Amino acid sequence: MAEIRLHPPESVERAPVWLAEAILWARDRGATDLHFFPSEGEAALWARIDGDLREVARYSISVHERMVARLKVLGRCSDYAGELAQEGRFSLNGQSAAGEARLSILPTLRGEKAVVRLLAGGGRLRRLGELGISGELVAALREATDRPQGLLLAVGPSGCGKSTALYALLDDLNERAGRPLSILTIEDPVEQTLPFAAQITADPARGLGFAAGLRALLRQDPEVIMIGEIRDPETSTAALQAALTGHRLLSSMHALTAAEALVRLQQMGSAPYEISSAVAGALNLRLARLLCPHCKSTRAISPDEMEWIPEAAAWPERVVGESAGCDQCLGSGRLGRTAVGEWIAPTPETAAALQARQPVREIARTLEMAVPARPAALSLLKDQRISVAEWRALDGLPSMRGN
Ligand SMILES: [Zn+2]
């Protein structure tokens, strides 16, 4: 596999300039996080690209210390002695679109470790049509967000594109309204600034948690409200109440499936009938890594693979894509990602199953799989845009199993 690395800075003096260049280099490759990791006798820079961490450079501890000092200045951190865990924020300036970065510094046994998170794809707002989801899913999401009331939930593991999808949905609603639309958001933190929405940052320390913030937003004549995440009983109760009393809401939950999210709402104290009437549906999302178009090749699908992808028997050519890695994809064989999702809605049976405290898999059986992910994932595989391994990684989506 091709090794792609940055040449380390030649001197400690050159470290700040090198740091600025490395951040922009990583941002332009779609990196989400940069780790400045002090190790035994030397330090390394790792970049998370398409979900995986890769080492991009190694250099001396003194270069590392100079870079961390520079990061602290950028992030306006106050502790220069390096004894406290600290947070900061700074803006990126570059040739392409500027973006925001969040900084975290942690004092470790071997010195300070810094992590820079590059927010929401370099600060560029994605359109709904750019996420990569199927036209059928786009139509279902539009239909759900056009209803006058109800809560739309984005679910999935962290880093699966929930925030990006919620922002894209707000943008789409605003675009299609053709008039000013009263859109308000409460987030922790605001990951992307939206020119068309009034956004506030949740700050529980100052008495403005998600629940209190939501009450304030409800007095602002809202037409659409986005709550960054539902993670406590107060927020879930307030969100469901708002959805039941004529408001349109969008939010996300850290749950792997729609059924899990509904069960968590119940565990947070909401009544089953409130959940099934308030929740319009759940968008369960995953990001699939695309095969690098520069080093992609094809091979025949194996008999084993045919067993679990029987649909492939009907393909004109029974081949799948694979890739070895090249300079363009930093040796990984993958370049870029696309969203794959399913749209699931509760039914009257869902409330009864929740009421009876049925296990998650029984709750799942009562849900309507309105738009399954499998057909979209199959076309990605058939068109050699994803590998068989990536197809298998989508297994966490209930609609991917069986056929
Ligand atoms: Zn490649």
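Residues numbered from 1 in each chain as written. Predicted model: local features only at pLDDT ≥ 70, side-chain atom pairs only at ≥ 80, totals over all residues. Heavy atoms only, no water.

1. Overview of the environment of Ser 236
This is how it is decided: Under the DSSP-based scheme used, a helix requires at least four consecutive residues in state H or I and a strand at least two consecutive residues in state E, with every element numbered from the N terminus. In this scheme, a residue with accessible area under 20% of its type's maximum is buried, one over 50% is exposed, and one in between is partly exposed, where area comes from a 1.4 Å probe on protein chains only. It only takes one pair of heavy atoms within 4.5 Å for two residues to be counted as in contact.
By the secondary structure assignment, Ser 236 is in helix H7 (residues 233–244). Of the residues examined, Ser 236 reaches a relative accessible area of 0% and is grouped as buried. The sequence separation of Ser 236 and Gln 266 amounts to 30 residues, and the corresponding C-alpha distance is 9.2 Å. What Ser 236 contacts, discounting residues up to four positions off in sequence, is Ile 230, Leu 265, Met 268 and Ser 270.

2. Structural notes on the coordination of the zinc ion
Counted only if it meets this: For Na, K and Ca the donor cut-off is 3.2 Å, while for other metals it is 2.8 Å, and in both cases only N, O and S atoms qualify; water is not among them, so sites may look incomplete.
Within the first shell, the zinc ion binds the protein through Cys 292 (SG), Cys 295 (SG), Cys 326 (SG) and Cys 329 (SG), at distances of 2.3 Å. Written as a sequence motif, the donor residues of the zinc ion are C-x2-C-x30-C-x2-C. A relative accessible area of 15% places Cys 295 in the buried class.

3. Observations concerning the side chain of Ser 387
With respect to the helices and strands, the residue Ser 387 is situated in the loop between helix H13 (374–382) and helix H14 (388–393). Judged by its relative accessible area of 8%, Ser 387 falls in the buried class. Among all residues touching Ser 387, those that are not within four sequence positions of it are Leu 291, Gly 321, Arg 334 and Leu 381.

4. Structural notes on the packing of helix H6 (residues 210–218) against H7
Two quantities define a packed helix pair, namely the angle between the axes and the distance from one axis to the other. For the record, the criterion: Axis definition: a line fit to C-alpha positions, over the contact stretch in the case of helices; interaxial angles, taken between N-to-C directions, run 0 to 180 degrees. Each angle receives one of four descriptions, namely roughly parallel if under 35 degrees, roughly antiparallel if over 145, roughly perpendicular if within 65 to 115, and oblique otherwise. Residue classes follow a fixed rule: Ala, Val, Leu, Ile, Met, Phe, Trp, Tyr, Cys and Pro count as nonpolar, while Asp, Glu, Lys and Arg count as charged, and any other residue, Gly among them, counts as polar.
Running from N to C, H6 and H7 cross one another at 25 degrees; their axes reach a closest spacing of 8 Å. Between H6 and H7, the crossing angle belongs to the class labelled roughly parallel. Contacts between H6 and H7 pair Phe 210, Ala 211, Leu 214, Arg 215 and Leu 218 from the former with Glu 234, Thr 235, Ala 238, Ala 239 and Ala 242 from the latter. Broken down by class, the residue content of the contact of H6 with H7 amounts to seven nonpolar, one polar and two charged.

5. Examining the packing of aromatic side chains
Just so we agree on the cut-off: Side-chain rings of Phe, Tyr and Trp, where Trp is taken by its six-membered ring, are said to pair if the distance between their centres is within 6.5 Å; with planes under 30 degrees apart they count as stacked, over 60 as edge-to-face, and otherwise as tilted.
All chains considered together, the criterion is met by two aromatic pairs. With a centroid separation of 5.6 Å and 75 degrees between ring planes, the pair formed by Trp 18 and Tyr 59 is classed as edge-to-face. On the criterion of sequence distance, the pair formed by Trp 18 in helix H1 (residues 15–28) and Tyr 59 in strand E3 (residues 52–60) is long-range, its members being 41 residues apart. By relative accessible area, which is 7% here, Trp 18 ends up buried. Since its relative accessible area comes to 5%, Tyr 59 is described here as buried. The interplanar angle of 25 degrees and the centroid separation of 4.5 Å between the aromatic rings of Phe 37 and Trp 46 together place this pair among those described as stacked. Looking at Trp 46, the relative accessible area reads 23%, which means it is partly exposed.

6. Structural notes on the domain arrangement of the chain
Where we set the bar: Domain start and stop positions are those given by an automatic or database domain assignment. Summed over both partners, the accessible area (1.4 Å probe) lost when two parts come together is defined as the buried area. Just to be clear on terms, a salt bridge is a Lys or Arg side-chain nitrogen sitting within 4 Å of an Asp or Glu carboxyl oxygen. Throughout this description, a polar contact denotes any pair of N or O atoms lying within 3.5 Å of each other; where both atoms belong to protein, one of them has to be capable of donating a hydrogen while the other can accept it, and for residues adjacent in sequence the pair is counted only when both atoms sit in side chains.
Here the chain is described as being made up of domain 1 (15–123) and domain 2 (128–400). At the junction of the two partners, domain 1 supplies 13 residues and domain 2 supplies 12 residues. For the domain 1 and domain 2 pair, buried surface summed over both sides reaches about 940 Å², with 47% attributable to carbon and sulfur atoms. Where domain 1 packs against domain 2, one counts one salt bridge. Put simply, Arg 289 and Asp 52 hold a salt bridge, and the shortest N to O gap is 2.4 Å. For the pair domain 1 and domain 2, the interface holds four residue pairs in polar contact (both at pLDDT 80 or more). At the level of elements, E3 and helix H3 (120–123) are the ones that each hand at least two residues to the side of domain 1 that touches domain 2.

7. Observations regarding the pairing of strand E2 (residues 42–49)
On a regular strand, one side chain projects to one face of the sheet and the next to the other, so that they alternate. The cut-off we apply is this: By definition, two strands form a pair when at least two bridges between them are found by DSSP.
For strand E1 (residues 31–38) and E2, the ladder comprises seven bridges, and the chain directions are antiparallel. Bridging across to E2, Phe 37 finds its partner in Ala 44. Linking E1 to E2, which pair antiparallel, is a turn of three residues; within it Gly 41 sits at a positive phi near 80 degrees. Sheet topology places E2 next to E3; eight bridges connect them, and they run antiparallel.

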